[in-house]
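# Residue-level structural notes
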Amino acid sequence: MGPLLDALLLTAVLGWVCLATAALLDRARHDRRVSRMIAVRNRLRVAEDGELERIAGRLSLADVGDLVSDDDLPGPIAERVAQALLAGKNQTRIVEMAKGRTTTHVLTRIRAAQILVAARAGTAHFVLDGMLRSTHRQLATGALRMLVRLNDRRSARLLIRALADGVFARSRIAAAFHAMSVERVDMLGTLLRSDEAIVRYWGARLALFLGATQWADTMRGLVNDHNPLVRRAAVEVIGALGEERDVKVVIELFDDPAPAVRAHAVRASAAFSSPGLVAAWRRLRHDEAAVVRLAASDLLATQPAHQHHVAPLPA
Amino acid sequence: MMTSTVLAAFAWWAFLICAVYLVALTVLLLAMLVVAVRENRLRADEARLDDFATVRHSPFTIPVSIIAPAYNEEACISASISSLLALDYPEYEVIVVNDGSRDGTFQELRRRFELEPVEVYPADSLPTSEIRQVYRSRQHPRLTVVDKDNGGKADALNCGVNLARFRYVCCVDADTVYYPHALLSGMRHIVQDPQHVVGVTSQIALSRHPERTPRTERLRIDRHPMLVFQTFDYLRAFAAARLAWSRWNYMLCSVGAFAIWRRDIVSELGGFSTSFTCEDIEFTFRVHEHFRSTGTPYAVLSLTDIVGVTEGPQSVGSLVSQRARWQRVIAETVWRYRRMFWNPTYGAVGFAGMTYYVVAEVLAPLFQILAIVAVPAGAVAGVIAWPDFWRVLATVAIVNGMFTIAAMLLQQRAFKTFSAADLRYMIALGPLELLLYRPFIMFAQVKGTIDFLLRDRRWNKFERNPRGGVFSPVSASRGLGLLEQRSLPENALPLQ
């Protein structure tokens, strides 16, 4: 029994030492890599023509992928570093890698795509569209981030198509579209004219946050949409536009069968100054839906002339 | 002579049974660790690739209602709620429910956040004890405070759910200080897959005084040995076990200090149960039961991101009190949902999750008592070869330390949470855990099981760690070793 237990103990001790060493080495390796990348980044920032390409030529795909995805490196330098890596036959290899033809490792695919994006290679959009539609969560997330980085009309169009097709969480695609700064409001028509209610809803939501005055007439039409989600989003836009001629449309929605639409209509009506509104809000404080009552009383509380006494809630 | 023979036979059988149990448990933990390695890599890659810069500023990021029940939290409530109000997330509200505190919790809230009474219209979907008054902060429009009669934590959470405006509720503790990235970390999986992910929980770090934890800098551990040993527990639970559970979707224990749920599910399932000592684990079981029995696709995830720092018991008495309660709650819940055990309707939850809970948690005290009784019995009967006994004990201690390091390594690979100095300190302490800490946990588990059998339902809140002197961030950092300066890029989450 003794030798067996000795062997067991020895094995356990060796295992413990190995694991402890692995943990410490992993930490040290990470720290070393962080320091090295900071040094490389600093050298690239001040590098003269030719030297930058020389430094970039000595870097691995992973290094360049990390460098160009890092916002610390100015765009033009990142572009030159990526272009240096793509020089020669590398471009085909990296495109194939990004498409997943020569590797299945997600992180490698994303790094390859990051290099294409940083270099503003012509194939970047095609590759990113494929990643976005891959149904792989990590690839799609990575693609969204890179499309925002590209920030051009072609990327915006890809996002609109992806949103319409529902290839990934629509809220995430909408967030990416919203985060761009390129002129893109005209593209919302694809969404607003869609047969799918959920797509029209997202079109209206984007219109709200992009200040899309050019779609005002479409929004006036959408407040009569058969889907309450779309009506709700449309009335929000009408409120944000704040054109007095729309007050009647908004007041009509106070009697909408869907509580969420009524609540949003109440909030949207804050933008108008029609004399009948306060009476309507008072009436809606007794609405059957708590969400409408809350919206109406929130609004009344903001009216100085109509401050009401707040009593403790009844038992 | 007869007695000695009986004792010897008992000791042999007891040791054999305990050895089989120990080996089975080790194999089970090893299997989970293997699964966790893959899941950990996936989660780490996801965190690295996600576009946090867009999500944290977008009006399309799903809004969340945070519910913080508070009962006698005067010491920490301001720090906790301030940390919640400073979260880096585009749209959220904070609902603090003062559950009839008998100390100055409410007064502290009123003083610190300038509360004024408001009229509200809570949905009446979940019954709760009576609301005295609802307040809103003049300083922070996001903050709502509900003052209500005492009804327990579950009742307070239900009250918060009734008042919540958004589709997701994040249940938190009012004695925990949260990092700015907490909600972003938790919600990122829901934002990516809102149709399937119905619940997310995440890891919490421990400190003697969470209110002294700097919120903008990188975590370093509280080096008090009692806290470090508890950190080992948390690491093994989150970085190994729960990652594996998440991968196969049988994550059966959300953390009371940070659990995000879809609000309609909370309402549909009747809210958090007031008939259990703790609501968190029971509700997680209920969610799994609901979705598995209806055959609806869903996911409940546990993350290894450290989202906040909570107060860990510093004294043995407090630790035993807390862990006995946990053991009792586990026993209560497993007993309540025993129909899921090896029931094919519940898939991995019934086969893997319930098996783990029964073998590793509920039955553990039986084997612990058996082992403890067998040692003196064997000694009296003269069947214990002491050198062999010490060898076995040392082996078990080191294997336990190996599991801890493996969990640390997983956490490290994903988030680089610990500094090199902390890592060395924890590695060195690892093998001592079995002798210096485990006996108290064993005692607590036995006590908790007895309490369960006696149908004790008390919360037994552990006594707060002593707080003395004036707080200064510098002295705190020196004393607790909590600070490590680090600037973060816009797209990164802290602790990555």
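Structure report, in brief.

Looking now at the sheet that holds strand S8 (residues 197-207) of chain B. Residue and element names in this part refer to chain B. Across the sheet, 10 strands lie side by side as S3-S4-S5-S2-S1-S6-S9-S8-S10-S7; this open sheet has mixed pairing. At either end of the open sheet lies a strand with only one pairing partner, and these are strand S3 (115-118) and strand S7 (176-178). Recorded for the sheet is a direction-independent mean angle of 30 degrees between the axes of neighbouring strands. Where S8 and strand S9 (residues 258-262) come together, three bridges link them in antiparallel fashion. The residue bridging Gly199 from the neighbouring strand is Trp261, located in S9.

The next point concerns the interface of chain B and chain A. Across the contact, 55 residues belong to chain B and 53 residues belong to chain A. Taking both sides of the interface into account, the surface hidden between chain B and chain A amounts to around 4900 Å²; carbon and sulfur atoms contribute 63%. Ranking the residues of chain B by area buried against chain A places Leu49, Phe60 and Tyr121 of chain B at the top, with a combined share of 18%. Summed over the shared surface of chain B and chain A, the number is six salt bridges. Measuring nitrogen to oxygen at the nearest pair gives 2.5 Å for the salt bridge that ties Arg391 of chain B to Asp6 of chain A. For the pair chain B and chain A, the number of links is 13 residue pairs in polar contact (both at pLDDT 80 or more). Contributions of two or more residues to the side of chain B that touches chain A are made by helix H1 (2-49), helix H2 (52-55), S3, strand S4 (131-137), helix H6 (182-192), helix H13 (386-415) and helix H14 (420-429) of chain B. Of all the elements, H13 of chain B adds the most residues to the side of chain B that touches chain A, at 14 residues. Its residues placed into classes, the side of chain B that touches chain A shows 26 nonpolar, 10 polar and 19 charged.

We now examine the packing of helix H12 (residues 197-210) of chain A against helix H14 (residues 228-241) of chain A. Residues and elements named next belong to chain A. Remark: H12 packs on H14, axes separated minimally by 8 Å, with the N-to-C direction vectors making an angle of 15 degrees. The angle between H12 and H14 places the two elements in the roughly parallel class. Along this stretch, H12 crosses H14, giving a crossing that reads as left-handed. Residues Ala197, Ile198, Arg200, Tyr201, Ala204, Arg205 and Leu208 of H12 form the contact with H14, whose own contacting residues are Leu229, Val230, Arg232, Ala233, Ala234, Glu236, Val237 and Ala240.

Here we take up the state of the cysteines. Residue and element names in this part refer to chain B. This model, assessed by the stated rule, comprises zero disulfides over all chains. The closest cysteine sulfur to the non-disulfide-bonded Cys253 is located on Cys278, 9.3 Å from its own sulfur. By relative accessible area, Cys253 is classed as buried at 14%.

Let's shift gears to unusual backbone geometry. In this model, Thr135 of chain A sits at a positive phi of 65 degrees, which is unusual for a non-glycine residue. On the secondary structure map, Thr135 of chain A appears in the loop between helix H7 (124-132) and helix H8 (137-150). One non-glycine residue, Asn249 of chain B, lies in the positive phi region at around 55 degrees. When you line up the elements, Asn249 of chain B lands in the loop between helix H7 (225-247) and S9.

Next up on the list: helix H16 (residues 259-268) of chain A. Side chains of residues three or four places apart in an α-helix project in the same direction, reflecting 3.6 residues per turn. Residue and element names in this part refer to chain A. Of all 10 residues in H16, seven are buried; the element is thus mostly enclosed. When H16 is considered as a whole, its buried residues turn out to be Val261, Arg262, Ala263, His264, Ala265, Val266 and Ala268. Of the surrounding secondary structure, the elements contacted by the buried residues of H16 are H14, helix H15 (247-252), helix H17 (277-284) and helix H18 (290-301).

Enumeration over the complete set of coordinates arrives at 55 salt bridges over all chains. Linking Asp165 of chain A and Arg133 of chain A is a salt bridge whose minimum nitrogen-to-oxygen distance equals 3.0 Å. Remark: Arg133 of chain A occurs in the loop between H7 and H8 and Asp165 of chain A occurs in helix H9 (residues 153-165); sequence separation between them is 32 residues. On the accessibility criterion, Asp165 of chain A (47% relative accessible area) is partly exposed. Of the residues examined, Arg133 of chain A reaches a relative accessible area of 28% and is grouped as partly exposed. With a shortest N-O distance of 2.3 Å, Glu289 of chain B and Arg339 of chain B are connected by a salt bridge. Of the two residues, Glu289 of chain B sits in helix H9 (residues 279-294) while Arg339 of chain B sits in the loop between helix H10 (316-336) and helix H11 (347-362), which places them 50 residues apart along the sequence. Exposure remark for Glu289 of chain B: the relative accessible area of 14% places this residue in the buried category.

Conventions used here
- Residues numbered from 1 in each chain as written.
- Chains lettered and ligands numbered in written order.
- Predicted model: local features only at pLDDT ≥ 70, side-chain atom pairs only at ≥ 80, totals over all residues.
- Heavy atoms only, no water.
- Pairing = 2+ DSSP bridges.
- Helix = DSSP H or I, 4+ residues; strand = E, 2+ residues; numbered from the N terminus.
- Axes fitted to C-alpha atoms, helices over the stretch in contact; angles between N-to-C directions.
- Contact = heavy atoms within 4.5 Å.
- Buried area = accessible area lost by both parts, 1.4 Å probe.
- Salt bridge = Lys/Arg side-chain N within 4 Å of Asp/Glu carboxyl O.
- Polar contact = N/O pair within 3.5 Å; in protein donor to acceptor, adjacent residues only side chain to side chain.
- Nonpolar A, V, L, I, M, F, W, Y, C, P; charged D, E, K, R; others polar.
- Parallel < 35°, antiparallel > 145°, perpendicular 65-115°, else oblique.
- Left-handed = near helix turned anticlockwise from the far one by under 90°.
- Disulfide = S-S within 2.5 Å.
- Buried < 20%, exposed > 50% of the residue type's maximum accessible area, 1.4 Å probe, protein only.

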